[in-house]
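# Observations on the three-dimensional arrangement
Residue-level listing of the chains:
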Amino acid sequence: GQALALEALDERRTAGLLSAAAAAFGPADWWPALPEPDARAAVLGSLFRTRPTQRPRPAQRPDHFPDAGVTVLRGRAPDRPDSEIWVRCDGGPHGFGSIAAHAHADALSVEVRIDGTEILADPGTYCYHTEPQWRAAFRSSRGHNTVELDGVDQSESGGPFLWTRHARSRVLTVHQEPGGRGRWAGEHDGYLRRAGTRHRRVVVLDPEAGTLTVRDILSGGAGRTCRLSFHLGPDVDLELHAGRATLRWAAGGRDREAALELPEALTWSAHCGEQDPPAGWYSPGFGRKQPAWLLTGLGTTSSQTELTSVMNWRW
C-alpha cells in the first residue's frame, strides 16, 4: 500500500501513482487535478475492461478513520481557498498484532502542516537493526509529539521488533464544523500501571482565528517526571525565549511565521542534531537522517496536571 500526500503532486512518483489509481479504479471527486496519464496508467486502464468491485467511494475527503484511530482536522483561511492547515491526531492501537513489531510509542501524538509544510512532524524511523540507540530514539515516546513520564515509553519494549505491553488508546471526541473549526480528544493508559497516571489530550483547531490549542491532562500519580516534546519539521527554524517559541519557514515565495506559547509549568529547552543521547533529528527516508529542531519541556506532575500549548500563525 501507498499513502499519498495529495498536496505534493509535483513529485513525479506520487502523481504517477495517483494517475494509475485513477485508471484502475476511477478518480474520486475530491481528488486534486491529475496530470496527463503516463505509460503505467495507460497499461492499467487497458487491463481493466470493467473496474474491480469495491465499496462505495466517499463523496468527500475523509477526516476520521476509526479502525486506525486517526483523525485529521483541516481548515482554511477565510479569504484564501488555496490555503490549508492539516492536524493529524493519533488515538489508535499501538500496532499490528500481539508484538506490534513496527509500532512506535506515539500514543496521542499530533502532526501539523500549514500549506503543505511540516510544522510539527513525526521524525520517522531511520533504521532497524544497525544502530540500537538510534532505533530506540526514533520509536520512543520522547521521539514524538506527546508526553513521556519517568523517562520511559508509554508501551514496554522487548527488543527492536517486539513490544511486550501496549498502551491502549481510544478516541473520545471528534467534531469538525463546516467552517473548519474542529475538536478532537483521546486518552491512553500506558502509564496507568507503572505511574498511576492516565493521559488525556484535547486538540482544538480554529482556522479563522489562526490558533491551534493542545491541552494535556495527566490524572493521578503525583511527583512523576514529565516531558512534553514538540518536533519541528526540517524546514522550520526556531527561536526560544522562556516559554515562547517563534517558528519560521519559507513557502510559496514568502516568509512564514508562527508563535508557540508553551506551558509555564515546564522548563523548556531547544535541541538540534545532538548525538548522545540523540535529540533533534528528522528521517526523510530509511537510512537517512538530518538535524531538525526539538522543543522539550521538563517538569513534575501533581495529582491533576494540565499543560496547555497554543500555536498562533499568520495565513
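The present account deals with the structure reproduced in this document. Just so it is clear, the model here is predicted, and its values are computed rather than measured.

## With respect to the overall build of the protein
- Of regular secondary structure, the protein possesses four helices and 23 strands.
- Relative to its length of 315 residues, the protein is compact, with a C-alpha radius of gyration of 20 Å against a globular reference of 20 Å.
- Across the protein, the fraction of contacts at a sequence separation of at least 24, relative to all contacts at a separation of at least 6, is 60%.
- For the protein, the computed accessible surface area is about 15700 Å², with 51% contributed by carbon and sulfur atoms.
- Separation of charge centres in the protein, based on 36 positive and 38 negative side chains, amounts to 6 Å.

## As for the layout of surface pockets
- Estimates place the volume of the second largest pocket at around 520 Å³.
- Considering the residues around the second largest pocket, the lining is formed by 32 residues, among which Ala137, Ser140, Arg142, Gly143 and Pro278 are closest to the centre.
- Those elements that provide at least two residues to the lining of the second largest pocket are helix H3 (132-138), strand S13 (225-231), strand S19 (278-279) and strand S22 (293-300).
- Element by element, the count of residues in the lining of the second largest pocket is highest for H3, at six residues.
- Among the residues making up the lining of the second largest pocket, the classes are represented as 15 nonpolar, ten polar and seven charged.

## As for the nonpolar core
- The biggest cluster of nonpolar side chains holds 41 residues, and the ones touching the most others in it are Val87, Val203, Leu247, Met311 and Trp313.
- At four residues, strand S15 (residues 244-251) tops the list of elements feeding residues into this core.
- Not counting chain neighbours up to four residues away, the residues in contact with Val87 comprise Thr71, Val72, Leu73, Glu111, Val112, Val203, Leu205 and Leu212.
- Core analysis: the next-biggest nonpolar cluster, separate from the first, contains five residues, Tyr126, Cys127, Phe138 and Trp281 among them.

## Regarding unusual backbone geometry
- The residue after Asp276, namely Pro277, is reached through a cis peptide bond having omega 0°.
- Within the secondary structure, Pro277 sits in the loop between strand S18 (274-275) and S19.
- For Leu108, which is not glycine, the phi torsion reads 70° and is therefore positive.
- Looking at where Leu108 falls in the secondary structure, it is placed in the loop between strand S3 (80-90) and strand S4 (110-114).
- Positioned with a positive phi, Asp115 is a non-glycine residue whose angle comes to about 50°.
- With respect to the helices and strands, Asp115 occurs in the loop between S4 and strand S5 (117-120).
- Overall, Asp115 belongs to the partly exposed group, its relative accessible area being 24%.

## Side note on the side chain of Ser109
- Looking at the secondary structure, you find Ser109 in the loop between S3 and S4.
- A residue is classified by how much of its surface remains accessible, and Ser109, at 3% relative accessible area, is buried.
- Dropping the residues within four chain positions of it, Ser109 is found in contact with Arg88, Cys89, Asp90, His144, Asn145, Thr146 and Arg201.

## Some remarks on the pairing of S4
- A large share of S4 lies buried, amounting to five of its five residues.
- Of the two faces of S4, the one carrying Val110, Val112 and Ile114 and the one carrying Glu111 and Arg113 are both buried.
- Relative to S4, S3 runs antiparallel, the two sharing five bridges. Bridge assignment links Val87 to a residue of S4, and that residue is Val112.

## Side note on empty space enclosed by the protein
- Following the criterion strictly, the structure yields one cavity of 30 Å³ or more and no others.
- In this model, the largest cavity occupies a volume close to 30 Å³.
- Along its surface, the largest cavity is lined by Leu120, Leu212, Val214, Phe230, Leu260, Ser309, Val310 and Met311.
- Of all the secondary structure elements, the ones that give two or more residues to the lining of the largest cavity are strand S12 (211-219) and strand S23 (304-313).
- Of all the elements, S23 adds the most residues to the lining of the largest cavity, at three residues.
- Residues that form the lining of the largest cavity fall into these classes: seven nonpolar, one polar and no charged.

## Focus on the sheet that holds S13
- Read across the open sheet, the four strands follow the order S6-S13-S22-S17; overall the sheet is antiparallel. The open sheet terminates on both sides in strands that have one partner only, identified here as strand S6 (147-149) and strand S17 (267-272). Going from strand to strand, the sheet's axes swing by 25° on average, the running direction of each strand aside.
- Two elements, S6 and S13, share three bridges in a ladder whose sense is antiparallel. Looking at S13, one finds that Glu148 is bridged to Arg227.

Rules of the game
- Residues numbered from 1 in each chain as written.
- Predicted model: local features only at pLDDT ≥ 70, side-chain atom pairs only at ≥ 80, totals over all residues.
- Heavy atoms only, no water.
- Helix = DSSP H or I, 4+ residues; strand = E, 2+ residues; numbered from the N terminus.
- Rg over C-alpha atoms; globule rule 2.2 N^0.38 Å.
- Contact = heavy atoms within 4.5 Å.
- Areas by Shrake-Rupley, 256 points an atom, 1.4 Å probe, with all protein chains shown as cover.
- Lys, Arg positive; Asp, Glu negative; His and termini not counted.
- Charge placed at Lys NZ, Arg CZ, Asp CG, Glu CD.
- 1 Å grid on protein atoms, 1.4 Å probe; cavity = no way out; pocket = protein on both sides within 12 Å on 5 of 7 lines; lining within 4 Å.
- Points joined across faces, edges and corners; volume = space filled by probe spheres on them.
- Nonpolar A, V, L, I, M, F, W, Y, C, P; charged D, E, K, R; others polar.
- Core = buried A, V, L, I, M, F, W, Y, C linked by side-chain atoms within 4.5 Å.
- Buried < 20%, exposed > 50% of the residue type's maximum accessible area, 1.4 Å probe, protein only.
- Pairing = 2+ DSSP bridges.
- Axes fitted to C-alpha atoms, helices over the stretch in contact; angles between N-to-C directions.

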